[in-house]
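Okay, here's what each chain looks like letter by letter:
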Amino acid sequence: MIQNKLVEFSVNHPRLIIFITLLLSLLFGLQFPKATIDTDPKHMLPATSPVRVYNDQVEKWFGLYPDTIVLGIYNKDGIFNKDTLENITKLTGEILKMKGVAVRDVTSFTTADNVFAQNNDLQVLPLLQKIPQTQEEMEVFKSSLYNNPLLVDRLISKDGTTTAIYVPLEEGANGKVIADQLKKLVRKSGGAEEYYIAGDPVARDTFGAQMFTQMAVFSPLAGMLMFIALFIMFRNFNMVILNMSIAMISIIWSMGLLIGLKFPVHIMSSMIPVFLMSISTDSIHIFNEFCFRFRELKEKKPAIIDTMKVVGAPVSATAMATAAGFACLAFGHIIPVKVFGIFIAFGTLVIRLMSFTLIPAVLSMMKDKTLLKISQKEDIKENPTSRFLRKLGELSVKNAGLILVAGLVLLTLAIIGTAKIRINNNMVSWFKEKSEIRKADAILNSQLGGTSLGYLIVSGPGEDFFKKPGAMKYLESLQREVEKSPLVGKTTSVADYVKRINRVLHKDSPEYETIPDSGTVISQYLFLFGMSAKQSVLNNVIDYPFQKANIWVQLKTWDASAMREVINIAKNYTLRHPMPELEVKPAGIAYFNMVWNDEVLYDMIRTFIFATILVLFILILEFKSFRWGIISIIPLIFAILLVYGFIGFTGKDFDMPISVLSTLTLGMAIDFAIHFASRFKRRYMETQEPLEETLYWTVSRPGRGIIRNAVLFALGFSVMAFASLTPYITVGLFIMSTMLLSAITTLVFLPVLIKLFPKFLLFKKEVPK
């Protein structure tokens with residue numbers, strides 16, 4: 001076999017193997033300074049995705065900005081005082097000087113249009129032209145706000161304590177950079193006001209910046225913990241450094257290739273180092289068996305070659321299964337997940353290459369005295385871990401029926417819990433509750449219309465359709481229906497501007513806050529407003545053929561389910577009140593978040609099924625038995641269901657990180673079953689031991705490698721539990737618990753199943769009498 005030849009070549013030419021490995025690592029490492037990051041939700045889907053194409057088209061139709069930052073200003077005593085208004089004026093002026101800000105469309109008291117009539121002429125001037133100096137002037141200003149429904153819940157809260165400055169960003173501007181500049185501004189402003197910065201670009205770009213920080217901190221921390229654990233296991237620095245070198249080489253090669261091919265680093269690919277560090281721990285089975293072999297043979301080269309003959313097949317099979325599980329992610333639609341899967345698969349194959357080259361090469365260069373000292377601790381009868389595992393094996397085998405019943409009860413509960421899972425995604429919730437972003441989002445959502453923005457694009461059959469009273473009234477009615485949802489804070493459309501103009505041209509009488517019954521009048525109003533106001537105001541809600549209207553929907557949460565509810569409301573309304581010539585389609589960042597949330601979910605379901613079939617196929621090939629393939633995958637599926645059942649019972653949302661993890665754990669944790677089943681079958685065929693004794697040996701000797709592997713896996717991901725970003729915490733805890741559970745279920749339930757169903761699993765000549 002090729003792998004045996006690789007091992008022999010590496011043992012005979014260790015220095016050449018080490019030189020080539022270091023040279024390639026240097027070449028890949030030189031790519032690291034070129035790394036870029038990308039957390040834009042739009043880039044989750046391919047550029048040719050219909051949703052992405054339509055969303056881009058909507059932005060062109062209505063002159064919309066993809067990204068807007070909201071600067072909330074709160075004063076518990078109310079914002080209607082000279083000092084607060086002066087601060088707002090100064091802040092707006094400074095914001096208009098910022099690079100990257102679309103200054104022409106910044107919206108605040110000093111820049112927002114105020115529509116009023118003077119001598120029967122329509123006038124549009126900024127809301128706040130000068131700071132009110134008297135209480136009477138302040139009341140006039142206050143009335144101008146509250147008498148204009150367009151401004152309430154957008155520029156002024158109902159209780160008068162909160163306002164906002166909306167800061168649209170030019171294409172390519174970094175939301176975090178501008179948010180940091182805003183923070184510096186508000187720190188200088190002083191006063192009694194509290195400031196809150198929110199919006200998708202802030203969350204997204206802050207997440208991106210923190211993502212790099214987390215990767216820089218937790219990858220070395222995970223490595224340090226694994227270093228300590230490996231030293232405790234082997235009590236030898238050379239052995240530990242060799243194991244850690246495998247991890248570092250796979251990381252450098254994988255991330256170097258990713259960056260070299262000009263892929264940006266996303267949330268998923270930022271976790272590649274921790275994943276590869278943990279996957280590399282499968283090499284522990286080589287060290288584990290080598291120590292036993294060297295203790296018996298006392299010679300390095302024969303011990304290395306015998307070790308690789310024994311564990312080489314399962315090590316290759318685990319590599320193929322792990323790589324296949326991750327490679328399945330490439331068949332989905334979400335770009336960061338595809339990239340993550342491909343490069344983890346590549347890194348896994350690098351680890352396996354090192355298992356058959358670098359590990360034998362370095363072991364062959366270690367001193368016999370050192371190796372003998374290490375191997376003395378690996379006596380299966382004297383080692384406390386091995387003794388404990390043997391007792392565990394005896395307990396499982398002797399109580400096989402009872403354990404099987406207990407397992408079935410747990411499986412039933414897990415399925416019930418899994419059925420309770422709530423599917424949802426919320427990027428703001430990826431920050432901890434006490435973070436500035438979460439606080440700002442909560443305050444602005446409670447005080448104003450909402451920080452999450454979606455659109456309902458209503459299209460008519462031809463030009464000038466929305467100059468018709470019936471079309472305008474339908475638009476208004478649809479808005480009122482959508483606003484019934486508690487998740488919707490405010491809606492705005494061209495109908496609101498027409499109503500406002502109608503009112504001010506009728507002496508500001510509230511009874512005229514209606515859609516005129518004349519299409520000619522509506523046409524005149526739109527013409528007058530278009531000539532008087534900023535061009536973008538009308539552009540944002542109506543296209544110039546007057547065939548498409550845009551309803552702005554401000555949501556009080558970034559939950560993907562919120563936009564889904566809006567879509568369902570609109571759909572049900574159009575069914576109850578059909579107007580055949582109208583078409584209503586969603587768009588906007590809230591809709592895009594919902595779409596890629598759904599894409600991730602359904603991609604992961606499809607990928608998990610495909611990965612399960614593929615891994616099962618690899619198991620069948622490895623064991624040359626369909627039955628052994630089925631029985632080997634059962635403990636892992638059981639462990640995954642237990643974790644998902646727990647998630648369902650706790651009420652945690654089934655979001656993007658969790659949905660991806662089922663496939664990830666399938667690719668990693670299947671290693672345990674492969675090692676257990678391969679070593680059991682080999683031992684049982686080579687010896688005349690009773691079935692029970694072979695099971696005890698498998699649990700205590702290869703099982704020790706499985707436990708070591710699981711512990712190292714868990715340690716590698718445990719550091720992520722201390723991250724400031726909740727996806728990292730979720731991934732860390734989920735994989736840590738799944739890997740430990742998979743190891744336990746493998747060592748407990750596989751012996752039970754083999755003991756209870758020997759005739760199903762073993763050939764006739766293998767079945768004990």
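What counts and how
Residue positions are counted from 1 within each chain, in the order its sequence is given. Per-residue local features are limited, in this predicted model, to residues with pLDDT of at least 70; the limit for side-chain atom pairs, both in listing and counting, is 80 or more; totals at the level of whole chains, interfaces and linings are taken over all residues. Side-chain numbers here rest on the full set of heavy atoms in the structure, without hydrogens or water. Numbered from the N terminus, helices here are DSSP runs of H or I no shorter than four residues, and strands are runs of E no shorter than two. Only protein chains enter the accessibility calculation, which uses a 1.4 Å probe; a residue whose area is less than 20% of its type maximum is buried, one above 50% is exposed, and one in between is partly exposed. Throughout, a contact is declared for two residues whenever any of their heavy atoms are within 4.5 Å. Reported accessibility uses the Shrake-Rupley method at a 1.4 Å probe radius. Residues are deemed covered only where the shown protein chains occlude them. All tallies of charge rest on Lys and Arg as positive and Asp and Glu as negative; His and the ends of each chain are not included. To locate a charge, take NZ of a lysine, CZ of an arginine, CG of an aspartate or CD of a glutamate. Axes, fitted as lines to C-alpha atoms, cover a helix only where it is in contact. Angles between the N-to-C directions of the axes lie from 0 to 180 degrees. By definition in this entry, angles of less than 35 degrees are roughly parallel, angles greater than 145 are roughly antiparallel, angles of 65 to 115 are roughly perpendicular, and the rest are oblique. What makes a crossing left-handed is the near helix being turned counterclockwise from the far one by less than a right angle; a clockwise turn instead makes it right-handed. The nonpolar class holds Ala, Val, Leu, Ile, Met, Phe, Trp, Tyr, Cys and Pro. Asp, Glu, Lys and Arg form the charged class, and all remaining residues, Gly among them, are polar. At least two bridges found by DSSP between two strands is the condition for calling them paired. The aromatic pairing rule takes the rings of Phe, Tyr and Trp, using the six-membered ring of Trp, and pairs them if the centres are within 6.5 Å, calling planes under 30 degrees apart stacked, those over 60 edge-to-face and the rest tilted. Two N or O atoms count as a polar contact when they lie within 3.5 Å, although within protein this holds only if one can serve as hydrogen donor and the other as acceptor, and sequence-adjacent residues are included solely when both atoms are side-chain atoms. One side-chain nitrogen of Lys or Arg within 4 Å of one carboxyl oxygen of Asp or Glu is enough to make a salt bridge. Residues enter a nonpolar core if they are buried and are Ala, Val, Leu, Ile, Met, Phe, Trp, Tyr or Cys, with the set joined through side-chain atoms within 4.5 Å. Each patch is built from residues lacking any salt bridge and having more than 30% relative accessible area; the joining distance is 9 Å for like charges and 5 Å for nonpolar side chains (Val, Leu, Ile, Met, Phe, Trp, Tyr).

Enquirer: An account of the overall build of the protein is needed here, citing residue identities and associated values.
Expert: In terms of helices and strands, the protein carries 29 helices and 11 strands. The buried share among the 769 residues of the protein stands at 59%. In the protein, 79% of the contacts between residues at least 6 apart in sequence involve partners at least 24 apart. Carbon and sulfur atoms form 62% of the exposed surface of the protein, whose accessible area is close to 31700 Å². Treating the 80 positive side-chain charges of the protein as one cloud and the 65 negative ones as another, the clouds have centres 11 Å apart.

Enquirer: Mind laying out the packing of helix α4 (residues 82-95) against helix α6 (residues 175-189), listing which residues take part and the relevant values?
Expert: Closest axis-to-axis distance for the α4/α6 pair is 11 Å, and the angle between their directions is 150°. Of the possible angle classes, the one that applies to α4 and α6 is roughly antiparallel. For the pair α4 and α6, the sense of crossing is right-handed. Within the contact between the two elements, α4 uses Asn-87, Leu-91, Glu-94 and Ile-95 and α6 uses Leu-182, Leu-185, Val-186 and Ser-189. Class assignment for the residues of the contact of α4 with α6 results in five nonpolar, two polar and one charged.

Enquirer: Explain the sheet that holds strand β7 (residues 452-459) residue by residue, including any values.
Expert: Read from one edge to the other, the open sheet built from four strands follows the order β8-β9-β7-β10, with strand pairing classed as antiparallel. Single-partner strands in this sheet number two, and they are β8 (488-492) and β10 (583-587). Neighbouring strand axes in the sheet, compared pairwise and without regard to direction, differ in orientation by 25° on average. Examined bridge by bridge, β8 and strand β9 (residues 548-555) share four bridges and lie antiparallel to one another. Within β9, the residue paired with Thr-492 across the bridge is Trp-552.

Enquirer: Describe in detail the environment of Val-310, supporting the description with residues and values.
Expert: Relative to the assigned elements, Val-310 resides in helix α11 (residues 300-327). Once the C-alpha coordinates of Val-310 and Pro-690 are considered, the two residues, 380 residues apart in sequence, prove to be 21 Å apart. Discounting residues that sit within four places of it in the chain, Val-310 has contacts with Glu-289, Arg-293, Arg-679 and Arg-682.

Enquirer: Now, about the side chain of Thr-730: what can you tell me, with residues and values included?
Expert: Residue position: Thr-730 is located in helix α28 (residues 726-756). Look at Thr-730 and you get buried, because its relative accessible area is 11%. Every residue in contact with Thr-730, bar those within four places of it in the chain, is listed here: Lys-652, Ile-658 and Leu-661.

Enquirer: Account for the packing of aromatic side chains, with residues named and values stated.
Expert: Geometrically, a pair of aromatic rings is defined through the distance of the ring centres and the angle of the planes. Applying the stated criterion across every chain yields a total of 23 aromatic pairs. Both rings, one in Phe-680 and one in Tyr-684, keep their centres 5.7 Å apart while their planes meet at 10°; by these two values the pair is stacked. Placement of the pair is Phe-680 and Tyr-684 together in helix α25 (residues 656-686), with a separation of four residues, close to one helical turn. Assigned by exposure class, Phe-680 and Tyr-684 land together as buried.

Enquirer: Lay out the side chain of Ser-108 in plain terms, naming residues and giving numbers.
Expert: Among the structural elements, Ser-108 can be located in the loop between α4 and β2 (113-118). Side-chain polar atoms of Ser-108 contact the side chain of Thr-92, separated by 2.9 Å. Leave out the neighbours within four places in its chain, and Ser-108 touches Thr-92, Leu-155, Ala-164 and Ile-165.

Enquirer: Provide a residue-level description of the sheet that holds strand β4 (residues 162-168), including the pertinent values.
Expert: Backbone hydrogen bonds hold the strands of a sheet together, and the pairing may be parallel or antiparallel. Overall, antiparallel pairing links the three strands, which are arranged β4-β1-β5 in an open sheet. Each end of this open sheet is capped by a strand with a single partner; those strands are β4 and β5 (194-198). Direction aside, neighbouring strands of the sheet carry axes that sit 20° apart on average. Taken together, the five bridges between strand β1 (residues 68-74) and β5 define a ladder with antiparallel strand orientation.

Enquirer: Would you mind going over the packing of helix α8 (residues 237-260) against helix α9 (residues 272-279) in detail, with residue names and values included?
Expert: When two helices pack together, their arrangement is given by the angle between the helix axes and the distance between those axes. Two elements in contact, α8 and α9, have axes separated by 9 Å at closest approach and are oriented at 145°. Between α8 and α9 the crossing geometry is right-handed. On the side of α8, the interface is formed by Ala-247, Met-248, Ser-250, Ile-251, Ser-254, Met-255 and Leu-258, while α9 contributes Ile-272, Pro-273, Leu-276 and Met-277. Across the contact of α8 with α9, the residue classes tally to nine nonpolar, two polar and no charged.

Enquirer: Account for the pattern of salt bridges, naming residues and giving values.
Expert: Two side chains of opposite charge can pair, provided their charged atoms sit close to one another. Going through the model one piece at a time under the given rule, you end up with 22 salt bridges. One salt bridge in this structure joins Arg-503 and Asp-508, with 3.0 Å as the shortest N-O distance. Assessed through its relative accessible area of 8%, Arg-503 is described here as buried. One connected set of salt bridges, linked through shared partners, spans Glu-476, Arg-480, Glu-483 and Lys-499.

Enquirer: Just give me the short version of the nonpolar core, but keep the residues and values in it.
Expert: Judged by nonpolar contacts, the single largest core of 242 residues is most densely connected at Leu-71, Ile-95, Phe-109, Val-494 and Phe-529. Ranked by residue count, the leading element in this core is helix α23 (residues 589-623), at 16 residues. Apart from the residues lying within four places of it in its own chain, the contact partners of Leu-71 are Leu-91, Ile-95, Thr-163, Ala-164, Ile-165, Leu-182, Val-186, Tyr-195, Tyr-196 and Ile-197. Within the second largest apolar cluster, eight residues are counted, among which are Ala-400, Ala-414, Leu-642 and Val-748.

Enquirer: Tell me about unusual backbone geometry, and name the residues and values.
Expert: Positive phi, close to 70°, is recorded for Lys-262, a residue that is not glycine. Inspection of the secondary structure puts Lys-262 in the loop between α8 and α9. In this structure, Phe-546 takes a positive phi of about 55° despite not being glycine. Within the secondary structure, Phe-546 is located in the loop between α21 (535-539) and β9.

Enquirer: Could you give an account of the pairing of β2, naming the residues involved and the relevant values?
Expert: Direction of pairing for β2 relative to strand β3 (residues 121-126): antiparallel, over a ladder of six bridges. Residue pairing across strands places Ala-117 opposite Leu-122, the latter belonging to β3. Hairpin connection of β2 to β3: two residues between the antiparallel strands, including Asn-119 at a positive phi of 55°.

Enquirer: Requested: an account of a nonpolar patch on the surface, with residues and values cited.
Expert: Together, Phe-9, Leu-16, Phe-19, Ile-20, Leu-23, Leu-24, Leu-26, Leu-27 and Leu-30 make up a nonpolar patch on the protein surface, roughly 820 Å² of accessible area in all. Looking at the nonpolar patch element by element, the count peaks at seven residues for helix α2 (residues 14-29). Residue placement: Ile-20 occurs in helix α2.

Enquirer: Summarise the pairing of β7; cite the residues concerned and give the values.
Expert: With eight of its eight residues buried, β7 lies for the most part within the structure. Covered by surrounding structure in β7 are Ser-452, Gly-454, Leu-456 and Val-458 together with Leu-453, Tyr-455, Ile-457 and Ser-459, the residues of both alternating faces. Bridge count between β7 and β9: eight bridges; the pairing is antiparallel. Each residue of the ladder has a partner; that of Gly-454, found in β9, is Val-553.

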